[in-house]
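Here's the letter readout for the chains.
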Amino acid sequence: MTLDQESVGRLSRIDAMQVQAMALAQQQRRRVEHAAIEAALRRIDEGEYGYCIRCGEDIAPARLEHSPTVTTCIDCAKET
Ligand SMILES: [Zn+2]
């Protein structure tokens, strides 16, 4: 397969757009992650960390270990 100049130009524009979209998505993910960490730290400060925000029960340590920023126990997570 051969590509003429125009096709190459179009392809690299698409590439550039994809790279930009990926960078944006990653930035967004990082922001969301950061917000979740901030919220977790705030709950630690307030002594609320490790308790489900919906029912107030303890969140299983294994669950917290796996995802330290979760805010609900496994039962409440299943309900939503
Ligand atoms: Zn709960």
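Rules used throughout
- Residues numbered from 1 in each chain as written.
- Predicted model: local features only at pLDDT ≥ 70, side-chain atom pairs only at ≥ 80, totals over all residues.
- Heavy atoms only, no water.
- UniProt positions renumbered as here; feature names shortened; annotations may be inferred.
- Helix = DSSP H or I, 4+ residues; strand = E, 2+ residues; numbered from the N terminus.
- Salt bridge = Lys/Arg side-chain N within 4 Å of Asp/Glu carboxyl O.
- Buried < 20%, exposed > 50% of the residue type's maximum accessible area, 1.4 Å probe, protein only.
- Donors = N, O, S within 2.8 Å, 3.2 Å for Na, K, Ca; no water.
- Tetrahedral: all angles 85-135°; square planar, octahedral: opposite > 155°, others 65-115°.
- Domains from an automatic or database assignment.
- Buried area = accessible area lost by both parts, 1.4 Å probe.
- Nonpolar A, V, L, I, M, F, W, Y, C, P; charged D, E, K, R; others polar.
- Patch = residues over 30% accessible without salt bridge, like charges linked within 9 Å, V, L, I, M, F, W, Y side chains within 5 Å.
- Areas by Shrake-Rupley, 256 points an atom, 1.4 Å probe, with all protein chains shown as cover.

*Asks:* How do you make sense of the UniProt feature "domain: Zinc finger DksA/TraR C4-type" (unreviewed entry) in the chain when you look at a structure like this?
*Replies:* When the UniProt feature table is mapped to this numbering, "domain: Zinc finger DksA/TraR C4-type" (unreviewed entry) covers residues 47-78. The distance separating the terminal C-alpha atoms of residues 47-78 is 24 Å; by composition the span is 34% helix and 0% strand.

*Asks:* How should I be thinking about the pattern of salt bridges in this particular structure?
*Replies:* Should the charged atoms of two oppositely charged side chains come close, the side chains can pair. Throughout the structure, instances matching the rule amount to two salt bridges. Residue Glu6 pairs with Arg10 through a salt bridge whose shortest N-O separation is 3.1 Å. In this pair, Glu6 and Arg10 both sit in helix H1 (residues 5-45), four residues apart, roughly one turn of the helix. Judged by relative accessible area, Arg10 falls into the partly exposed class, the value being 42%. Linking Arg54 and Glu79 is a salt bridge whose minimum nitrogen-to-oxygen distance equals 3.8 Å.

*Asks:* What is the right way to look at the coordination of the zinc ion in this model?
*Replies:* Ideal coordination angles are 109.5 degrees for a metal with four donors arranged tetrahedrally and 90 or 180 degrees for a metal with six donors arranged octahedrally. Taken together, the protein ligands of the zinc ion are Cys52 (SG), Cys55 (SG), Cys73 (SG) and Cys76 (SG), with distances of 2.3 Å. For the zinc ion, the four donor atoms are set out with angles of 104 to 116° between them, so the coordination reads as tetrahedral. Written as a sequence motif, the donor residues of the zinc ion are C-x2-C-x17-C-x2-C. One end of the pair, Cys52, is in the loop between H1 and helix H2 (61-66); the other, Cys73, is in the loop between H2 and helix H3 (74-79), with 21 residues separating them in the sequence. Judged on exposure class, the residue Cys52 and its partner Cys73 are both buried.

*Asks:* Is there a simple way to think about the domain arrangement of the chain in this case?
*Replies:* Frequently, the measure chosen for interface size is the accessible area that the parts lose on association. The domain architecture assigned to the chain consists of domain 1 (1-48) and domain 2 (50-80). Its C-alpha centre places domain 1 at a distance of 28 Å from the equivalent point of domain 2. When domain 1 packs against domain 2, the two sides together hide about 400 Å² of surface, and 55% of this comes from carbon and sulfur. Its largest share of buried area at the contact with domain 2, domain 1 owes to Ala36, Arg43 and Glu48, together 76% of the area lost on that side. The tally of links from domain 1 across to domain 2 stands at zero salt bridges. The class makeup of the residues in the side of domain 1 that touches domain 2 is three nonpolar, one polar and two charged.

*Asks:* Even after reading the chapter, I still don't get a nonpolar patch on the surface, so can you show me in this structure?
*Replies:* A contiguous nonpolar surface patch, about 270 Å² in accessible area, is contributed by Leu11, Ile14 and Met17. Along the chain, Leu11 falls in helix H1. For Leu11, a relative accessible area of 43% translates into the label partly exposed.

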